[in-house]
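Listed here are the chains, written in short residue letters.
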Amino acid sequence: MARFGKCSPGMFRLLLALVLVAAAWTSPAFAQDQPQQSAPANQGQKPAGESPAATQAQTAPQEQAKPSTQEEPAKEEVKITPQQAEELFHSVDEILQFDSKQTGLPIKKEVKRKLTSRDEVVSYLNKHLDDEDAQRLRRSELVLKKFGLLPRDFNLETFLVALLREEIAGYYDPKTKTVNLLDWVPMEEQEPVMAHELTHALQDQSVGLQKWLRRGEKDLGEIKKDPTPADIENDEMDDAREAVIEGQAQAMMLQYALAPVGRSLTDSPQLVEAMEEETLTGTPGTKVFNEAPIFMKDSLTFPYSYGMEFVVKLLQKGGKERAFAAVLRDPPHTTRQIMQPETYLSGEKIEPMAVPDFKRDFKDYQKFDIGAMGEFDVAMLVEQYAGKPLSKQMYPEWRGGYYYAARPKADATAPLSLLYVSRWSSAEKAAEFAAIYAQSLKQRYQKADEIGDPSSDKSASDRSVSDKSVTQESLTEGAEIKIDPLKGRHAWTTEEGAVVIEEQGDMVFVSESLDAATTAALEKEVFGK
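Since the model is a prediction, treat every value here as computed from it, not as a measurement.

(A) How the structure looks around the pattern of salt bridges. Counted under the stated rule, the structure contains 20 salt bridges. A salt bridge links E321 to R329, with the shortest nitrogen-to-oxygen separation between them at 2.7 Å. For E525, the salt bridge identified is with R360, shortest N-O distance 2.9 Å. Of this pair, E525 sits in helix 23 (residues 516–527) while R360 sits in helix 18 (residues 358–361), and the two are 165 residues apart along the sequence. Look at E525 and you get partly exposed, because its relative accessible area is 30%. Residue class for R360 comes out partly exposed when judged on its relative accessible area of 47%.

Structure, rendered in structure tokens:
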């Protein structure tokens, strides 16, 4: 799915890179699970062999782990002094050496460093978020609202600006080859942030980040010709590559914290899990993030949480060469490979899905957007409408998907029309997903009345988890959830037009707000009738 409208590579990457780094470092869960050591006799000095963050790794996070029963007053924003800035600049080379040793990525040149103010960051963002990027954001926003992944009154651009002001911790700019340290971030958070951002500098020196990321940047909604099955298959390349670079950087930030106490990523699974969980759920101080829709939380955290898990798995299986240099040379190209690293390691090949003749079938419509619906998109859809436990059960069964959004040429103000086709590991899983999608209709539309089906005595839009006695607690313990399957063809009337959901074999076909003739033509092509 075209998350956030696929801004220009540099801008889109920056929007993500600026968030969630400091929050993960200072999270209560991370602090509580960290190995404890008594204070060294030479406290205040850096013991030989330790990372420069030794003192902070053992003291600063614990201070933030104190429970609070009431909302804390807003803290006065700190400002780094010139003397502190000089100390930070001296730390850059030391931390870069640490990252290089841990990743195996060579240092080829000095990394420039700059202390940046909040006003400078805001100015940078405004300068790089051009009219084309803003237009893409708005387009993507409408598609997400059609799927019900964003509320109808949600403003995506406003949210991203507010989030950046709340979460920004530091960033590496591949265009200027500069690591930007932010003058309002507390000193105890600066060095671990540098461990993250300087990993990007090493990646940039090895593969050229701007060029490397651009290889996955192809907005199918803007190309003039209709996409091929290969185009759909590769539509998630940018998401997968983003997860690689952010996953590597998150891994180095955690490794930097673990080094002083003689631990590593591969022998500290509980700490890795704690950091992933905190990245996913936010912290008490991240109000904008905590109140965001599920989709926004999942999308923003995907490259950090799943990306780090992917890198750790590669570390365990093939060492630092496999987890860093090798994966940069041969990166994954789908979110499935990130979420299930074993599929990447085994070289799993999934046959690309055939696609209809969009230009012919949508002759009466104006194309609005098109893209893949990958495994991560499916995970978000199921989580949104049926909960995370069921999402974790369902998403590994995904085997392909795409969507096509359009508007009638005769009425540009009409509701957005949508075709969505998905493929599953079996007919059983396809029918289960069809039931979950049908269940979403009552949440997404003011009215969704199913047209009578004599073969069924139950409204498909009311189908859900069949075992109502299953508790939320038991679900989180790994109990398998049973779904009432939705088989065959079902149709509804809504305030935005007709909705058709049809399951045949391992395929699920969805048509929303399309006229009957167009729906029939698409069904014929998708199912080969």
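Once you've had a look at it, read on.
(B) Quick peek at helix 5 (residues 82–103). Counted at 1.5 Å a residue, the expected span for helix 5 with its 22 residues is 32 Å, and the 31 Å between its end C-alpha atoms agrees. Of all the bends in helix 5, the greatest, near 30 degrees, is centred on V92. Every buried residue belonging to helix 5 is among A85, L88, S91, V92, I95, L96, F98, D99, S100 and T103, and all of these are buried. The secondary structure elements touched by the buried residues of helix 5 are strand 1 (112–116), strand 3 (178–182), helix 9 (187–207), helix 12 (237–258) and helix 15 (294–329). Positioned one or two residues after helix 5, G104 has a phi angle of 80 degrees, which is positive.

(C) Molecular detail of the nonpolar core. Counting residues in hydrophobic clusters, the biggest one holds 101 residues, and the most contacted among them are F147, L198, M296, Y420, F433 and I501. Looking at which element gives the most residues to this core, the answer is helix 15, with 16 residues. Here this core gathers at least three residues from each of two domains, domain 1 (77–346) and domain 2 (358–452 + 481–527). With near-sequence residues (within four places) excluded, I501 lies in contact with A434, Y437, A438, L441, L486, G488, R489, H490, W492, V508, F509 and V510. The next biggest cluster of nonpolar side chains, apart from the first, holds 21 residues, and it includes L220, A372, Y402 and A406.

(D) Representation of helix 19 (residues 375–386) within the structure. Taking 1.5 Å as the rise per residue, helix 19 with 12 residues should run 16 Å; its terminal C-alpha atoms sit 16 Å apart, in good agreement. Counting buried positions over the 12 residues of helix 19 gives 10, a clear majority of the element. Restricting attention to buried positions, one finds in helix 19 the residues E375, F376, D377, V378, A379, M380, L381, V382, E383 and Y385. Positive phi shows up at G387, right after helix 19, with a value of about 95 degrees.

(E) Looking closely at the packing of helix 9 against helix 12. Running from N to C, helix 9 and helix 12 point in directions that differ by 140 degrees, and their axes come no closer than 8 Å. One finds that helix 9 runs oblique with respect to helix 12. The crossing of helix 9 and helix 12 is right-handed. Contacts between helix 9 and helix 12 involve E191, P192, A195, H196, T199, H200 and Q203 on the former and, on the latter, V244, I245, E246, Q248, A249, Q250, M252, M253 and Y256. Looking at the contact of helix 9 with helix 12 residue by residue, the class counts come to eight nonpolar, six polar and two charged.

(F) The arrangement of the side chain of Q340 in detail. Along the chain, Q340 falls in the loop between helix 16 (335–339) and helix 17 (341–345). Looking at Q340, the relative accessible area reads 12%, which means it is buried. In this structure, Q340 is in contact with E375 and P396, ignoring residues within four places of it in sequence.

Thresholds, definitions, all that
Residues numbered from 1 in each chain as written. Predicted model: local features only at pLDDT ≥ 70, side-chain atom pairs only at ≥ 80, totals over all residues. Heavy atoms only, no water. Salt bridge = Lys/Arg side-chain N within 4 Å of Asp/Glu carboxyl O. Helix = DSSP H or I, 4+ residues; strand = E, 2+ residues; numbered from the N terminus. Buried < 20%, exposed > 50% of the residue type's maximum accessible area, 1.4 Å probe, protein only. Expected span 1.5 Å × (residues − 1). Bend = angle between axes of the 7 residues up to and from the residue. Contact = heavy atoms within 4.5 Å. Core = buried A, V, L, I, M, F, W, Y, C linked by side-chain atoms within 4.5 Å. Domains from an automatic or database assignment. Axes fitted to C-alpha atoms, helices over the stretch in contact; angles between N-to-C directions. Parallel < 35°, antiparallel > 145°, perpendicular 65-115°, else oblique. Left-handed = near helix turned anticlockwise from the far one by under 90°. Nonpolar A, V, L, I, M, F, W, Y, C, P; charged D, E, K, R; others polar.

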